[in-house]
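What the coordinates show
Spelled out from the first residue to the last, the chains are:
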Amino acid sequence: MGVKLRLRWLMGVMLVCIGALAWGADSAGLRVEPRVTILVYHRFSDSADDSMTVRLITFESQLRVLREHGYQIVPLREVVNWLRDPDATLPPKPVVITVDDGHRSVYEKLLPVLLRERFTVTLFIYPSAISNASYAMTWEQLRALRQTGLVDIQSHTFWHPNFKVERRQRTPADFQQFVRTQLSKALRRLESQTGAQVDMLAWPFGIYDDELIILAADEGYTVGLTLDARTADRHARLLALPRFLMTDAYGAKAFARLLGEPETPPVPATGITP
């Protein structure tokens, strides 16, 4: 057998083997598990007012990138159920949108987009600012958001402390009590004011460790969100789910690169050109 014929024969055998393996995986009901991209925003505006503000034009371009590359925005609760239940499924390219703090731009700027596009977001609120700080939403606005059925309201502690700073300034026992108060007070206030079931927490400044996770679990939290910039898979810790922090720097091209996608979306096949 000549060299060329031998190479062709080897390639044919390889293709047959690959096909058999793929068929075997399909026939056994196996599938590649999705990885979940969780995004976190803070404020929305027509202009980039500060480092945590995303312009609406930027946000709209990110939504367009998600659509063009086949992503589906899913509720955070659906992802949590998938992490807990081995039989639960998610779409191939799931994305979760979360928003921290409770800035009034969520009601003024984001809400019209939600009502138009009909996707679900989770808000992580620190209640001390609500109906108190000039930049924050009111309780009436939060309740109106929840009534749309598109907004889940969860905890961001009571007044968004820096746990690293607090730990340095307090005794171990005082620190633990401080953390418990921040967690329990936020949970009770949010539930009483909005009627939401609060069992999820976004760690302020993304600060968490084993001690904080234990305290959060003791206070009734089952899910925690960090600022660790990576996707979540079935091995993720429920009280330390990673998120990507969104800023206005993530225009369409940069956002596509963050997702690991080509900057130009694939062109759907329209048939064979003669």
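Fair warning: this is a prediction, and the values are worked out from it, not measured in the lab.

1. Some words on the side chain of Thr157
Turning to its location among the elements, Thr157 is positioned in the loop between strand S7 (151-155) and helix H6 (163-169). The class of Thr157 is buried, set by a relative accessible area of 0%. At a separation of 3.1 Å, a polar atom in the side chain of Thr157 contacts the main-chain amide nitrogen of His160. Sequence-distant contacts of Thr157, that is, excluding residues within four places in its chain, are made with Ile125, Tyr126, Pro127, Phe163, Gln182, Leu183, Ala186, Leu201 and Pro204.

2. Notes on the packing of aromatic side chains
Summed over all chains, the structure comprises six aromatic pairs. A ring pair is formed by Phe163 and Phe178, whose centres lie 6.4 Å apart and whose planes are at 85°; its orientation type is edge-to-face. In this pair, Phe163 is assigned in helix H6 and Phe178 in helix H7 (residues 172-194), connecting sequence segments 15 residues apart. Phe163 sits in the buried class, given a relative accessible area of 0%. Residue classification places Phe178 among the buried positions, given a relative accessible area of 10%. A connected cluster of aromatic rings, assembled from ring pairs, spans Trp159, Phe163, Phe175 and Phe178.

3. What to know about the confidence of the model for the protein chain
Of the residues in the protein chain, 85% reach a pLDDT of 70 or more, and the chain-wide mean stands at 89. Segment residues 269-274: pLDDT under 50, and zero contacts once partners within four positions in sequence are set aside and those in other chains are kept.

4. Quick word on the nonpolar core
Membership of the largest hydrophobic core comes to 59 residues, with the highest contact counts inside it found for Tyr41, Phe59, Leu123, Leu142 and Tyr221. Of all the elements, H7 adds the most residues to this core, at seven residues. Once residues within four sequence positions are removed from consideration, Phe59 is found in contact with Tyr41, Phe44, Val54, Ile97, Leu110, Val113 and Phe119. Core analysis: the next-biggest nonpolar cluster, separate from the first, contains 18 residues, Val96, Met200, Ala202 and Val223 among them.

5. So, helix H4 (residues 105-117)
Along its 13 residues, H4 runs 17 Å from first to last C-alpha, staying within 8% of the 18 Å computed at 1.5 Å per residue. The largest bend in H4 amounts to roughly 40° and is located at Leu111, with the proline Pro112 lying one to four residues further along. Taken as a whole, H4 has its buried residues at Ser105, Val106, Leu110, Leu111, Val113 and Leu114. Tucked into the core, H4 has its buried residues touching strand S2 (43-45), helix H2 (56-68), strand S5 (94-101), strand S6 (121-125), helix H5 (139-147) and S7. One or two steps after H4, the chain reaches Arg118, where phi turns positive at roughly 60°.

Calculation criteria
- Residues numbered from 1 in each chain as written.
- Predicted model: local features only at pLDDT ≥ 70, side-chain atom pairs only at ≥ 80, totals over all residues.
- Heavy atoms only, no water.
- Helix = DSSP H or I, 4+ residues; strand = E, 2+ residues; numbered from the N terminus.
- Buried < 20%, exposed > 50% of the residue type's maximum accessible area, 1.4 Å probe, protein only.
- Polar contact = N/O pair within 3.5 Å; in protein donor to acceptor, adjacent residues only side chain to side chain.
- Contact = heavy atoms within 4.5 Å.
- Phe/Tyr/Trp six-rings, centres within 6.5 Å; stacked < 30°, edge-to-face > 60°.
- pLDDT = per-residue confidence, 0-100.
- Core = buried A, V, L, I, M, F, W, Y, C linked by side-chain atoms within 4.5 Å.
- Expected span 1.5 Å × (residues − 1).
- Bend = angle between axes of the 7 residues up to and from the residue.

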